[in-house]
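Coordinate analysis (summary)
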Amino acid sequence: MASQLSPHLVALLDSLSEEITLQRFPAGALYVVATPIGNLSDISIRALSVLEMVDAVACEDTRNTGQLMKRYGMSKPMIATHQHNEAEAAQKIIERLQRGERVAIVSDAGTPAISDPGTRVVDAVMSEGLCVVPIAGPSAVAAALSCSGLSGEGFHFLGFLPSKDAQRDSALQALSSSPAVLVFYEAPHRVLDTVSAMRQVFGEQRRIVIARELSKLFEQLHRCALSEAPAWLAADANRQRGEFVLLIEGAKRSDGESDSMTDARRLLTLLLQECSVSQAAALAAKITGVKKNALYTMALDITNQQS
Ligand code: SAM
């Protein structure tokens, strides 16, 4: 690929800057800005102009975001906003917004609030009646899903599975008959174990897509039957390095789920018409003898499918 932008692209970028002015960027608003998940050029022109415009940037890791801003030739006051101080940070952000400032929130990579801090800040800002503006862009879930070619009835994004084996297996079990494409984030040191557990629970034939290092130098998208996936990962140590999205194709009806779980799913579907998720899970556990945790996750899955 050519290493420089063609004159056409340079002119296009210039002309697109006019499009930016077609949108209002209200003062006193929180801008939720997606940043690259790997390749630094995956940032939108709109995201760059918002980062340049705002009075402060709330970010997970000030060093990380400082580097990113430096790469884009910008510097802004930063508000550390991570999972341990989100409520406190939200108050600081709200005070700035109430003074009429514009504040951006970014995470270390991708879209804030997708398996990243951001939800509590957005919730607090909205609860104060203040404006929130999405600046859409990269997210590993969307990038991986769009290149998976897997079919299902919609998709269900689960983020990270529990780190303890028993809880992970019970979460997988509860999803085993979901007809949606299942999308998970996974850490490199757990990917082989997780894929082996998926093979156990979902069966040999179900297809998986292993999406690794998206938009980076060693990007890899590998699709195969679950029966082959652990061996593929184990065949080369490099295949277990980096960042991963795992996608499992949706279950064909009655695929991979024991009769008792299929019965439990039917029962939960009925109970959810009358009860909350936790009440339905508790009642179904009493009736079927299946563990309540597994039924709770299954009930959430059904609710998500219905919404
Ligand atoms: N907010 C981010 C988003 O919008 O995708 C996700 C943040 S989450 C803390 C980080 C996880 O996302 C990684 O452990 C990995 O599972 C996934 N991820 C992020 N970047 C990725 C990439 N370039 N390739 C594959 N997976 C990625």
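Residues numbered from 1 in each chain as written. Predicted model: local features only at pLDDT ≥ 70, side-chain atom pairs only at ≥ 80, totals over all residues. Heavy atoms only, no water.

Regarding a nonpolar patch on the surface
Taken together, the side chains of Leu 5, Leu 9, Val 10, Leu 12, Leu 13 and Leu 16 present a nonpolar region at the surface, about 460 Å² in accessible area. Within the secondary structure, Leu 12 is located in helix 1 (residues 7-20). Leu 12 sits in the partly exposed class, given a relative accessible area of 34%. (Patch = residues over 30% accessible without salt bridge, like charges linked within 9 Å, V, L, I, M, F, W, Y side chains within 5 Å. Areas by Shrake-Rupley, 256 points an atom, 1.4 Å probe, with all protein chains shown as cover. Salt bridge = Lys/Arg side-chain N within 4 Å of Asp/Glu carboxyl O. Helix = DSSP H or I, 4+ residues; strand = E, 2+ residues; numbered from the N terminus. Buried < 20%, exposed > 50% of the residue type's maximum accessible area, 1.4 Å probe, protein only.)

Details of the domain arrangement of the chain
Domain parsing of the chain yields domain 1 (16-138), domain 2 (141-248) and domain 3 (259-306). Between domain 2 and domain 3, the C-alpha centre-to-centre distance is 25 Å. Contacts between domain 2 and domain 3 engage eleven residues on the former and nine residues on the latter. Here domain 2 packs against domain 3, burying approximately 790 Å² in sum over the two surfaces, 51% of which is carbon and sulfur. Together, His 156, Ala 174 and Ser 177 form the three largest contributors to the area buried by domain 2 at its contact with domain 3, with a combined 49%. In this assembly, domain 2 and domain 3 are joined by zero salt bridges. (Domains from an automatic or database assignment. Contact = heavy atoms within 4.5 Å. Buried area = accessible area lost by both parts, 1.4 Å probe.)

Some thoughts on the sheet that holds strand 8 (residues 207-212)
For sheets, the rule is that strands pair by backbone hydrogen bonds, running either parallel or antiparallel. Strand order in the open sheet formed by five strands is 6-7-10-8-9, and the pairing between neighbours is mixed. Looking along the sheet, the strands with just one partner apiece sit at the ends: strand 6 (155-160) and strand 9 (220-225). Going from strand to strand, the sheet's axes swing by 15° on average, the running direction of each strand aside. Sheet topology note: the strand 8/strand 9 ladder contains six bridges and is antiparallel. Bridging across to strand 9, Val 209 finds its partner in Arg 223. Lying on the sheet, helix 8 (residues 191-202) is in contact with strand 7 (181-186), strand 8 and strand 10 (244-248); it crosses strand 10 at an angle near 5°. (Pairing = 2+ DSSP bridges. Axes fitted to C-alpha atoms, helices over the stretch in contact; angles between N-to-C directions.)

Some remarks on helix 2 (residues 45-53)
Since one α-helical turn is 3.6 residues long, residues separated by three or four positions face the same way. Turning to helix 2, its buried residues are Ala 47, Ser 49, Val 50 and Leu 51. Tucked into the core, helix 2 has its buried residues touching helix 1, strand 1 (29-33), strand 2 (56-59), helix 3 (62-71), strand 4 (103-106) and strand 5 (131-135).

Details of the pattern of salt bridges
According to the stated counting rule, one finds eleven salt bridges in the structure shown. A salt bridge links Arg 199 to Glu 204; the nearest nitrogen and oxygen atoms lie 3.1 Å apart. Measuring nitrogen to oxygen at the nearest pair gives 3.2 Å for the salt bridge that ties Glu 213 to Lys 216. You can call Glu 213 buried: its relative accessible area is 14%. With a relative accessible area of 27%, Lys 216 lands in the partly exposed category. Through salt bridges with shared partners, one network takes in Arg 96, Arg 99 and Glu 101.

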